[in-house]
Amino acid sequence: FLNNGVSIKLVDQRSGKEELFAFAGGVKSFVEYINRSKSVLHPNVFYSTGESTAPNGATIGVEVAMQWNDSYAEQVLCFTNNIPQSDGGTHLTGLRTAMTRVINKYIEENDIAKKAKVDIGGDDMREGLACVLSVKMPDPKFASQTKMKLVSSEAQPAVQEVVAAKLAEFLLERPADAKVITGKIVEAARAREAARKAREMTRRKGVLDGVGLPGKLADCQEKDPSLCELYLVEGDSAGGSAKQGRDRKFQAILPLKGKILNVEKARFDKLISSQEIATLITALGTGIGKDEYKPEKLRYHRIIIMTDADVDGAHIRTLLLTFFYRQMPELVERGHIYIAQPPLYKVKVGKTERYIKDDHELNQFLLKMALDEAIVVPKAGAEAISGAALEAMAREYLLAEAVINRLDHLVNPEVLHTIVDANLKLDLSSEAAAQASASELSKRVNHGIQIRARYDEAHERWQLRVEKMHHGNLKVGVIDEDLLISGDWAQLMKTADMLSGLFGSGGYAQRGEKKSPVVGFAQAMNWLLAEVERAVSKQRYKGLGEMNPGQLWETTMDPKVRRLLKVQIEDAIGADEIFTTLMGELVEPRRNFIESNALAARNIDV
């Protein structure tokens, strides 16, 4: 966006997904991109570009675009010579000064505030604003080596000069847009006043004054915030177990009742009148709102969200993350927010108990047990495979299975299994080679699957088209050159080469006293894993309340053995968009998201 004409294309050859980064229109297009999943209030984006000469003779280029949407958060992105400044600086001060002066003048001249009977502040003007400010200047000065804040004094008057004249022009030339913008500002001022009254009322009741801590909070003895942890626990039953199982020296517990308010859809006055949110704010000690929020007063430097491993738990976790991201973004940026990773399974073998984190770890555990004292004789008279050699083969085989599962939305799994089992080498370099590959593969797959060589006009190359009718619907997959040169295909070919010609008649798998005839490695692995499953007792945890205090401590709360997931923002615009899409008012973007990602969904409660 900041450099017109530059085009970057990224292709993920594993999934076939590709992304083209090429945007014309500069920062104006950037603002439209930021607002694409939001409901904009006025169709025309304010755009201004110009140059200003600094007192030292240097030329400063300024480009700015602004558009208001119906959200309650301000999103201003500042750049100097394409370097982002998350902490703003003199260029942001210049923008805010020009905005406040010009919009205030327009409101006064049209008696808008007088008619609405409200006092308007600078914060009201920036509610719901999406803005990108780009400054190009020689020898910029920053506050630190990280370049998070611009301190060059000459940037402020340059931005003011470019923005002020064009913004006044924009408001006069587009009265419909001006009416919508000033209407939003008046509404924000009214909401700010309502929030102030609600805060005073809440404080009068003693909820937000910070003098007393919430009754539900089981606080810790340690007073140094850097050593303290706060567990936000779903439900009173899990909260009771956590309170009994914790180390009270440095671990505090706050049980949350039900699902908290979705702050993406709520104004500030409604937010602070929510009992659960008010309790959470008081426990954290930071206060809330532009005037009172002080992240440095945080009472716990580790805030750990601990919810059940079901759909309701995931929803509560999402609501809490929405609250922290929208109302206390500094806590996320500074790495204070964590998600607890309680085990999904308890496995019992004989008298030994073990906790398992997830399905992947469970599969690894079962595999290790299955290979213990196991041998595979591939055919009559062949040498038995056991120990490290059998383990290496099993891992290669399971890697290939993982690839086939991952590619099942692109190519029918039965076709991929056939290619591995028969060790087929596909060739798409010419029409004759592609036809031969299609013919060879067709002979070996089920009759319900059609495989044809087809010329791809768009990419000017041959590919195999795989078709199968499934419940009356035609499912189509494609094997092309991109797949054949990918790392996933290399893994399939490596496994196929390893198993090629290995098995024949008279083969068997044996574990301990038991043995079973097998004709392939897949059958041998399935039999060994089935034998282990019979000997293992498995319990799947759906709720934290199912664990007693001792189990909760040794699996999820003991710093020596627990697993925590740190919440970090890698892509600020992407994070903002996903919260708006999933938690916002508009239904259509959420429906599109669900349809696009439906096939990748796992652990759905129906």
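The rules behind the values
Residues numbered from 1 in each chain as written. Predicted model: local features only at pLDDT ≥ 70, side-chain atom pairs only at ≥ 80, totals over all residues. Heavy atoms only, no water. Helix = DSSP H or I, 4+ residues; strand = E, 2+ residues; numbered from the N terminus. Buried < 20%, exposed > 50% of the residue type's maximum accessible area, 1.4 Å probe, protein only. Contact = heavy atoms within 4.5 Å. Areas by Shrake-Rupley, 256 points an atom, 1.4 Å probe, with all protein chains shown as cover. Lys, Arg positive; Asp, Glu negative; His and termini not counted. Charge placed at Lys NZ, Arg CZ, Asp CG, Glu CD. Domains from an automatic or database assignment. Pairing = 2+ DSSP bridges. Axes fitted to C-alpha atoms, helices over the stretch in contact; angles between N-to-C directions. Expected span 1.5 Å × (residues − 1). Arc of directions from axis to C-beta. Parallel < 35°, antiparallel > 145°, perpendicular 65-115°, else oblique. Left-handed = near helix turned anticlockwise from the far one by under 90°. Phe/Tyr/Trp six-rings, centres within 6.5 Å; stacked < 30°, edge-to-face > 60°. Lys NZ or Arg CZ within 6 Å of the ring centre and 35° of its normal. Salt bridge = Lys/Arg side-chain N within 4 Å of Asp/Glu carboxyl O.

### A short note on the overall build of the protein
Counting its secondary structure elements, the protein contains 21 helices and 22 strands. The buried share of the protein, reckoned over its 606 residues, is 45%. Contacts in the protein between residues at least 24 apart in sequence constitute 67% of all its contacts with a sequence separation of at least 6. Taken as a whole, the protein presents about 31300 Å² of accessible surface, with 50% of it coming from carbon and sulfur. Separation of charge centres in the protein, based on 81 positive and 83 negative side chains, amounts to 5 Å.

### Quick look at the environment of E361
Mapped onto the elements of the fold, E361 is located in helix 12 (residues 359-371). Along the backbone, E361 and L344 are 17 residues apart, and their C-alpha atoms lie at a distance of 9.9 Å. When residues no more than four places from it in sequence are discounted, the contact partners of E361 are R354, Y355, I356 and R563.

### Digging into the domain arrangement of the protein
Interfaces are often described in size by the accessible area the parts lose on coming together. If you check the domain split of the protein, you get domain 1 (27-198), domain 2 (212-342 + 545-569) and domain 3 (359-535). Its C-alpha centre places domain 2 at a distance of 46 Å from the equivalent point of domain 3.

### Description of the sheet that holds strand 3 (residues 46-53)
Whether parallel or antiparallel, the strands of a sheet pair through hydrogen bonds between backbone atoms. Strand order in the open sheet made by the five strands is 3-4-7-5-6, with mixed pairing throughout. Of all the strands in the sheet, the pair left with one neighbour each is strand 3 and strand 6 (83-85). Within this sheet the neighbouring strands show an average axis-to-axis angle of 20 degrees, counted without direction. The pairing of strand 4 (residues 59-68) with strand 7 (residues 129-136) spans eight bridges and is classified as antiparallel. Of the residues in strand 7, the one forming a bridge with Q67 is A130.

### What about the pairing of strand 8 (residues 229-234)?
The buried count for strand 8 comes to six of six residues, which makes it a mostly enclosed element. In strand 8, alternate side chains face the same way, and those of E229, Y231 and V233 on one face and L230, L232 and E234 on the other are all buried. As defined by bridge partners, strand 8 adjoins strand 10 (residues 302-306) across five bridges and the pair is classed as parallel. Note on strand 10: the bridge partner recorded for V233 is M306. Inspection of the sheet shows strand 8 paired to strand 9 (residues 251-256) by six bridges, in the parallel sense.

### Quick look at helix 15 (residues 431-444)
Between its first and last C-alpha atoms helix 15 spans 21 Å; for 14 residues at 1.5 Å apiece the expected length is 20 Å, and the two agree. Listed in full, the buried residues belonging to helix 15 are A433, A434, S437, A438 and L441. Buried positions in helix 15, seen along its axis, are confined to an arc of 135 degrees and lie on one side of it. Looking at helix 15, the residues exposed on the side facing more than 90 degrees away from the buried face are A432 and K443. Residues of helix 15 that are buried sit in contact with helix 14 (413-422), strand 16 (449-456) and strand 17 (461-470).

### Some thoughts on the packing of helix 9 (residues 275-284) against helix 10 (residues 311-327)
At a minimum axis separation of 13 Å, helix 9 and helix 10 run at an interaxial angle of 60 degrees. Of the possible angle classes, the one that applies to helix 9 and helix 10 is oblique. When the axes of helix 9 and helix 10 are compared, the crossing they make is right-handed. Residues I277, L280, I281 and L284 of helix 9 touch helix 10, and the partners they reach there are L320, F323 and F324.

### Notes on the packing of aromatic side chains
Both the distance between ring centres and the angle between the ring planes are used here to describe each pair of aromatic rings. Here the structure, examined in full by the defined rule, presents eight aromatic pairs. Seen in terms of ring centroids, Y325 and F579 are 4.7 Å apart; in terms of plane orientation they differ by 15 degrees. Their pairing is stacked. Taken together, the residues Y325 in helix 10 and F579 in helix 20 (residues 572-583) connect sequence positions 254 residues apart. By relative accessible area, which is 13% here, Y325 ends up buried. Since its relative accessible area comes to 14%, F579 is described here as buried. Among the aromatic residues, those joined into a cluster by ring pairs are Y397, F503 and F521. Against the face of Y33 rests R36, its NZ or CZ located 3.9 Å from the ring centre. Across from the ring centre of Y508, 4.3 Å away, lies the NZ or CZ of K515, which sits over that ring.

### Brief notes about the side chain of E154
Looking at the element boundaries, E154 is found in the loop between strand 7 and helix 5 (155-173). No salt bridge is formed by the buried E154, whose closest oppositely charged neighbour, K141, lies at an N-O distance of 4.8 Å. What E154 contacts, discounting residues up to four positions off in sequence, is A54, N56, I60 and M137.

### Details of the pattern of salt bridges
Scanning all chains against the criterion turns up 30 salt bridges. In this structure, the salt-bridge partner of E440 is K443, at a minimum N-O distance of 3.9 Å. Of this pair, E440 and K443 both sit in helix 15, separated by three residues, roughly a single helical turn. Among the residues examined, E440 registers a relative accessible area of 30% and is labelled partly exposed. Judged by relative accessible area, which is 63%, K443 ranks as exposed.

### Focus on the pairing of strand 11 (residues 337-340)
Of the two faces of strand 11, both are covered, the one formed by I337 and I339 as well as the one formed by Y338 and A340. Across three bridges, strand 10 lies against strand 11 in parallel orientation. From the neighbouring strand, I305 faces strand 11, where its bridge partner is I339. Bridge analysis of strand 11 against strand 22 (residues 564-566) gives three bridges, and the strand direction is antiparallel. Across the sheet, residue I339 finds its bridge partner in strand 22, namely L565.

### Regarding the packing of helix 10 against helix 20
For the pair helix 10 and helix 20, the least separation of the axes is 11 Å and the interaxial angle reads 130 degrees. Our classification of the angle between helix 10 and helix 20 gives oblique. In the crossing of helix 10 with helix 20, the sense of the turn from one axis to the other is left-handed. Taking contact as the criterion, the partners of T318, L319, L321, T322, Y325 and R326 in helix 10 are, on helix 20, A572, A575, D576, F579, T580 and M583.

### Topic: the sheet that holds strand 17
Spatially, three strands are ordered 16-17-18 in an open sheet, and the strand pairing comes out antiparallel. Each of the sheet's edge strands pairs with one partner strand only, and the pair in question is strand 16 and strand 18 (473-479). The average undirected angle you get between the axes of adjacent strands in this sheet is 30 degrees. Relative to strand 17, strand 16 runs antiparallel, the two sharing eight bridges. Bridging across to strand 17, Y455 finds its partner in W462. Where helix 14 meets the sheet, its contacts fall on strand 16, strand 17 and strand 18, and the angle it forms with strand 16 comes to roughly 90 degrees.

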